[in-house]
Amino acid sequence: MNTLLNKKKEPIDKLAASSAKGRSLGGEALRRMLRSPVAITGAVITGLFLLVAIFAPLLAPKDPYERYLQSQVILGQGIIPGAQPGFPLGVDDFGRDYLSRLLVGAQNTLLVGVLATIIGVVVGMIIGGLAGAFGGWVDTVLMRLVDVMLSVPSLLLAISVAALFQKPSQWTVIVAVSMVGVPIFARLLRGSMLAQRNSDHVLAATSLGVKRGAVVLRHMLPNSLGPVIVQATLTLATAILEAAALSFLGLGDPDPNRAEWGIMLSRSARQFLDIRPELAYYPAIAIIIVALGFTLLGESLREALDPKNRR
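What counts and what doesn't
Residues numbered from 1 in each chain as written. Predicted model: local features only at pLDDT ≥ 70, side-chain atom pairs only at ≥ 80, totals over all residues. Heavy atoms only, no water. Helix = DSSP H or I, 4+ residues; strand = E, 2+ residues; numbered from the N terminus. Buried < 20%, exposed > 50% of the residue type's maximum accessible area, 1.4 Å probe, protein only. Contact = heavy atoms within 4.5 Å. Areas by Shrake-Rupley, 256 points an atom, 1.4 Å probe, with all protein chains shown as cover. Axes fitted to C-alpha atoms, helices over the stretch in contact; angles between N-to-C directions. Parallel < 35°, antiparallel > 145°, perpendicular 65-115°, else oblique. Nonpolar A, V, L, I, M, F, W, Y, C, P; charged D, E, K, R; others polar. 1 Å grid on protein atoms, 1.4 Å probe; cavity = no way out; pocket = protein on both sides within 12 Å on 5 of 7 lines; lining within 4 Å. Points joined across faces, edges and corners; volume = space filled by probe spheres on them. Patch = residues over 30% accessible without salt bridge, like charges linked within 9 Å, V, L, I, M, F, W, Y side chains within 5 Å. Salt bridge = Lys/Arg side-chain N within 4 Å of Asp/Glu carboxyl O. Core = buried A, V, L, I, M, F, W, Y, C linked by side-chain atoms within 4.5 Å.

Student: Mind laying out the overall build of the protein, listing which residues take part and the relevant values?
Tutor: The secondary structure content of the protein amounts to 13 helices and zero strands. Along its sequence from the N terminus, the protein presents helices and strands in the succession α-α-α-α-α-α-α-α-α-α-α-α-α. Burial statistics for the protein: of 311 residues in total, 42% are counted as buried. Considering only intrachain contacts with a sequence separation of at least 6, the fraction spanning at least 24 residues in the protein is 73%. Carbon and sulfur atoms make up 66% of the accessible area of the protein, which amounts to about 16500 Å² in all.

Here it is, written out as structure tokens:
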């Protein structure tokens, strides 16, 4: 009997000892992520991508827009120079250094992904926040709008939004991709805020006469942002993939001079796959690796912040 009681008591004692040390949920999550090979792999990939994107102009060995070997490019005969001294990845159809364009393309790809995610988070939080804070007919109207957006496949929704613009540009891609994340963030925040509505600290603040706006902004909203932050990390990966898909379908930025992975993949895969397939392989591999890094990091962060996984 005593042995059974001791076995049941051990997890409680460990939890009490952890609480006594003052370890917060964030600190506990960080500790678990540092022990997870998946989280470390995702963090390393993401960190390298961010460093390359930030310092791309300094890392690029040549000017990504200078047509160094244009005289050697003969498209009519299917000739695009490959790897050679000074050009480790060869050149594109305009004779520009492909390695330099890949490095600078990381910066533009990050810009598209981050801006699309930020717009999606802001708009989604406004919709979800209003629905969760007011409830009633406001919640009903906004959630039906969200349901309509969720009923459309994400890529089809992005294509529909991009098709509304007469002149495709980089901002066309950013706006189209951001609209895909709006219903996701709206539903996520709304659900978190509804869960917070009946929590003890919200009920206590309400009973003390705190105004509704203060309760929402100071108590409900801050405690509902955890899932949104995790989802934003995952959305960065899908934003990069969807931006590349729009460019591949011809709905992205038509400027061939812009160094961006989606544009580079689109042009190479469409026009030069038979001549020099590696021009499509390089940006495709880069997109896959970066999307994998953000996905691994986001999934690890989600598991680390889950209270069920606390030990």
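Next, the rest of the story.
Student: For the packing of helix α3 (residues 37-54) against helix α5 (residues 98-134), give the residues involved together with the corresponding values.
Tutor: Viewed as axis vectors pointing N to C, α3 and α5 meet at an angle of 105°, and their least axial separation amounts to 7 Å. With respect to α5, the axis of α3 lies roughly perpendicular. Between α3 and α5, the contacting residues are Phe 49, Leu 50, Val 52, Ala 53 and Ile 54 on the first element and Leu 103, Ala 106, Gln 107 and Leu 110 on the second. Per-class residue counts for the contact of α3 with α5 are eight nonpolar, one polar and no charged.

Student: Residues and numbers for empty space enclosed by the protein, please.
Tutor: In total, this model carries two cavities of 30 Å³ or more according to the counting rule given. There is about 90 Å³ of room inside the largest cavity. Every residue along the wall of the largest cavity is listed here: Asp 92, Asp 93, Arg 96, Tyr 98, Arg 101, Pro 256, Ile 263, Met 264, Arg 267, Ser 268, Phe 272 and Leu 279. Among the secondary structure elements, those contributing two or more residues to the lining of the largest cavity are α5 and α12 (261-271). Per-element tally for the lining of the largest cavity: the top contributor is α12, with four residues. In terms of residue class, the lining of the largest cavity is made up of six nonpolar, one polar and five charged. Surrounding the second largest cavity, Val 112, Gln 170, Val 173, Ala 243, Ser 247, Gly 252, Asp 253, Arg 258, Glu 260 and Ile 263 form its lining. If you list the elements that add at least two residues to the lining of the second largest cavity, you get α8 (170-197) and α11 (225-248). Here the residues of the lining of the second largest cavity sort into four nonpolar, three polar and three charged.

Student: Just give me the short version of a nonpolar patch on the surface, but keep the residues and values in it.
Tutor: A cluster of nonpolar side chains, namely Ile 40, Val 44, Leu 48, Leu 50, Leu 51, Ile 54, Phe 55, Leu 58 and Leu 59, defines an oily patch on the protein surface of about 860 Å² accessible area. Elements supplying a minimum of two residues to the nonpolar patch: α3 and α4 (56-59). Per-element tally for the nonpolar patch: the top contributor is α3, with six residues. Within the secondary structure, Ile 54 sits in helix α3. According to the relative accessible area criterion, Ile 54 is exposed, its value standing at 52%.

Student: Outline the pattern of salt bridges, supporting the account with residue identities and numerical values.
Tutor: Side-chain pairing between opposite charges can occur once the charged atoms of the two side chains come close. If you walk through the whole model with that rule in mind, you get seven salt bridges. Residue Arg 96 is joined to Asp 92 by a salt bridge in which the shortest nitrogen-to-oxygen separation is 2.9 Å. For the pair shown, Arg 96 and Asp 92 are each scored as buried. Put simply, Arg 101 and Asp 92 hold a salt bridge, and the shortest N to O gap is 3.6 Å. Exposure class is identical for Arg 101 and Asp 92. Each is buried. Linked by salt bridges that have partners in common, Asp 92, Arg 96 and Arg 101 make up one network.

Student: Could you give an account of the side chain of Thr 46, with specific residues and numbers?
Tutor: Along the chain, Thr 46 turns up in helix α3. Residue classification places Thr 46 among the buried positions, given a relative accessible area of 7%. Those residues in contact with Thr 46 that lie beyond four places of it in its chain are Gly 293, Phe 294 and Leu 297.

Student: Please give an account of the side chain of Gln 231 that cites residues and values.
Tutor: Following the sequence through the fold, Gln 231 ends up in helix α11. With relative accessibility at 16%, the residue Gln 231 sits in the buried group. Excluding anything up to four places from it in sequence, Gln 231 contacts Ile 184, Phe 185, Leu 188 and Arg 302.

Student: Account for the nonpolar core, naming residues and giving values.
Tutor: Counting 27 residues, the largest nonpolar core has Phe 49, Trp 261 and Phe 294 as its most contacted members. Breaking this core down by element, the ones donating at least two residues are α3, α5, α11, α12 and α13 (278-305). Among the elements that line this core, the one with the most residues is α13, at seven residues. The contacts of Phe 49, once residues within four sequence positions are left out, are Ala 106, Leu 110, Trp 261, Val 290 and Phe 294. Membership of the second largest hydrophobic core comes to 23 residues, among which are Ala 131, Leu 157, Ile 174 and Val 177.

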